[in-house]
Amino acid sequence: MSDFGTWFPQIITYVLLALSGESILFSGAGGFSRALRAARRPALLRRYSVLVGCFSLFTISLSCWLDPWLSGLPRPTESRVAVILGADLLLYLLAAWLLRRFCPGFWEKTEKVFSPAAINTIVLAMPFLQRYLKLTWPQAIGYAVGTGLAFWLGAQLLNTALRRASHKETPAAYKGLPAALLYIGILCLAFYGFTGGRFI
Amino acid sequence: MERPSAPVKNNGTKAAKTAKATKIPYRERQKKRRELRRIFLNGVLFKNPMLVGALGMFPLVTCTTLKNALELSFLLLVISIPVNVVLCYTGNLVPGWVRPAWATAISLAVYAPASIWMDSLFPGSVQSLGMAAALMAVNSMVLSRANEYAPAHIFSAVIADTLGCTLGGAMVLCLTAVLREWITYGDVGMRTMTLFRGKGISLPFFGFLILGFLAAGVQHINRRRSQPKGKKVNRL
């Protein structure tokens, strides 16, 4: 019970952190293009978000594990990104190979969003990868769940923005993407409030 | 300009040979040149990857000075050409599910020397760009062209597309950055400004607003082009 009392608040704190202040999607536009593509396929959005959460968890865990070795490398910013992205790609290949071999049905359903989810994880987890890398397990789980939720929420908002931007009353030149971008620009101001005056 | 599915057949008559030696190759060359120009211009303006495809928006939205924009444009060019060329030749040799990882791995391999090169040309640029430079390795504009366009097209078309998209992206980057720098400082110079620091118009929301208006401009141009000549197009 005391363990639960310790790690549960940590998970919740990091879920909220990933959802708000550290959410790179609106506060810094990272991963925005892929989120916009995801928003155009609402049927796949839930699976996409779950995959982003799963890849985030594995990538963050791997990063925590690799960090002691990475800090000694020359040009730490570039080498850290390179090693973690390389590890994420290997993880993607392994997961895709296993799914194709043992769960082909599941693979068929998720194939279209599997690689974007893996690559987007790097973008969405970048603030974390740049700064922390010393999280406990509950914190890592919380951050991964929060990243998946932030992606889902962001894509839902973008889906709404695109639908509203395609309204028949919208001027022709602004219909679709241009109006959605203006809508998102204003929405970014709200997310700016969460970050306390800084972005990313 | 997709890869030809079958070679062109040759009937051996003298007339056909003469035509082939003079007119057809010339026409073919002209046609190819026109097609390459069309691909290039699509990348620059009419199907600009940032303004029409909403790809690679992160550097655009966060870039606030002309110097940063030029540095990111340089990085974009240096990464996208080798990635697309490699994928043009090897993209079809790997299975479809491996291709995204392959393209990203090439991009990552190119990013390391490219960032060192950029740092030697613009000292301190990697430090000031920080995460924006690092994320160029997974830029959706580069990776989507490498995954979807390069393996299905011939070399010259891939180069025209890559150069067009890079120039189009760089133009939008620089235009946005110039506007933001001019509003912030009252002039445009080669200022070094650390990204992700600042207030007001240096925030991402302003980048989205500029982008929205630029995208509307391109959409209006495309609408005008798609209308038959002589027919009046409604105003914005």
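Look above for the structure.
Quick caveat, the model's predicted, so the values are computed rather than measured.

Draft legend 1. Structural view of the overall build of chain B. Along the backbone of chain B there are 10 helices and 0 strands. From first element to last, N terminus to C terminus, chain B shows the α and β order α-α-α-α-α-α-α-α-α-α. Expressed as a percentage of the 236 residues in chain B, the buried residues total 50%. Counted over contacts in chain B with a minimum sequence separation of 6, partners at least 24 positions apart contribute 79%. Approximately 11500 Å² of chain B is accessible, and the part contributed by carbon and sulfur atoms is 64%.

Draft legend 2. View of the interface of chain A and chain B. If you look at the interface, chain A gives 46 residues, while chain B gives 48 residues. A combined buried area of about 4100 Å² lies between chain A and chain B, and 74% of that area is made up of carbon and sulfur atoms. At the junction of chain A with chain B, the criterion picks out 1 salt bridge. Here chain A is connected to chain B by 9 residue pairs in polar contact (both at pLDDT 80 or more). Put simply, the parts of the chain that give the side of chain A that touches chain B at least two residues each are helix H2 (24–27), helix H3 (32–39), helix H5 (76–102), helix H6 (104–124), helix H7 (126–131) and helix H9 (177–194) of chain A.

Draft legend 3. Expanded view of the pattern of salt bridges. Evaluation of the coordinates by the stated rule reveals 4 salt bridges over all chains. With a closest N to O distance of 3.4 Å, B:Glu148 and A:Arg37 form a salt bridge. Placement of B:Glu148 in helix H8 (residues 140–149) and of A:Arg37 in helix H3 is noted, with the two residues assigned to different chains. Its salt-bridge partner being B:Glu71, residue B:Lys67 comes within 2.8 Å of it at the nearest N-O pair. With B:Lys67 and B:Glu71 both in helix H4 (residues 66–90) and 4 residues apart, this pair spans about one turn of that helix. Of the two residues examined, B:Lys67 and B:Glu71, each falls in the buried class.

Draft legend 4. View of the packing of H8(B) against helix H9 (residues 155–185) of chain B. Residue and element names in this part refer to chain B. Remark: H8 packs on H9, axes separated minimally by 11 Å, with the N-to-C direction vectors making an angle of 160 degrees. Between H8 and H9, the angle is such that the two are roughly antiparallel. As H8 runs across H9, the sense of the crossing is right-handed. When H8 is examined against H9, the residues Met141, Arg145 and Tyr149 are found in contact with a partner set consisting of Ala157, Val158, Asp161, Cys165 and Thr166. Each residue belonging to the contact of H8 with H9 can be placed in one class, and the counts come to 5 nonpolar, 1 polar and 2 charged.

Draft legend 5. Region of interest: the side chain of B:Asn48. All names here are of chain B. Its place among the elements puts Asn48 in the loop between helix H2 (23–46) and helix H3 (57–62). Polar side-chain contacts of Asn48 include one of 2.9 Å to the backbone oxygen of Val44. Apart from the residues within four sequence positions on either side, Asn48 is in contact with Asn42, Gly43, Gly53, Gly168, Gly169 and Val172.

Draft legend 6. Structural view of a nonpolar patch on the surface. Residues A:Trp137, A:Ile141, A:Val145, A:Leu149, A:Trp152 and A:Leu153 make up a contiguous nonpolar surface patch of roughly 540 Å² in combined accessible area. Summarising the element assignment, A:Leu153 is placed in helix H8 (residues 137–165).

Draft legend 7. Inspection of the environment of B:Met50 at higher detail. All names here are of chain B. Structurally, Met50 can be placed in the loop between H2 and H3. Looking at Met50, the relative accessible area reads 1%, which means it is buried. Each C-alpha atom, one on Met50 and one on Ala146, is 16 Å from the other, the two residues being 96 residues apart in sequence. What Met50 contacts, discounting residues up to four positions off in sequence, is Leu55, Gly56, Met57, Leu60, Met141, Gly169, Val172 and Leu173.

Draft legend 8. View of the packing of aromatic side chains. Residues and elements named next belong to chain A. For the structure on display, the rule yields 9 aromatic pairs over all chains. Between Tyr48 and Phe151, the aromatic rings sit 4.7 Å apart at their centres with planes inclined by 45 degrees, giving tilted as the arrangement. Linking Tyr48 in helix H4 (residues 45–70) with Phe151 in helix H8, this pair joins segments that are 103 residues apart in sequence. You can call Phe151 buried: its relative accessible area is 1%.

Cut-offs and rules
- Residues numbered from 1 in each chain as written.
- Chains lettered and ligands numbered in written order.
- Predicted model: local features only at pLDDT ≥ 70, side-chain atom pairs only at ≥ 80, totals over all residues.
- Heavy atoms only, no water.
- Helix = DSSP H or I, 4+ residues; strand = E, 2+ residues; numbered from the N terminus.
- Buried < 20%, exposed > 50% of the residue type's maximum accessible area, 1.4 Å probe, protein only.
- Contact = heavy atoms within 4.5 Å.
- Areas by Shrake-Rupley, 256 points an atom, 1.4 Å probe, with all protein chains shown as cover.
- Buried area = accessible area lost by both parts, 1.4 Å probe.
- Salt bridge = Lys/Arg side-chain N within 4 Å of Asp/Glu carboxyl O.
- Polar contact = N/O pair within 3.5 Å; in protein donor to acceptor, adjacent residues only side chain to side chain.
- Axes fitted to C-alpha atoms, helices over the stretch in contact; angles between N-to-C directions.
- Parallel < 35°, antiparallel > 145°, perpendicular 65-115°, else oblique.
- Left-handed = near helix turned anticlockwise from the far one by under 90°.
- Nonpolar A, V, L, I, M, F, W, Y, C, P; charged D, E, K, R; others polar.
- Patch = residues over 30% accessible without salt bridge, like charges linked within 9 Å, V, L, I, M, F, W, Y side chains within 5 Å.
- Phe/Tyr/Trp six-rings, centres within 6.5 Å; stacked < 30°, edge-to-face > 60°.

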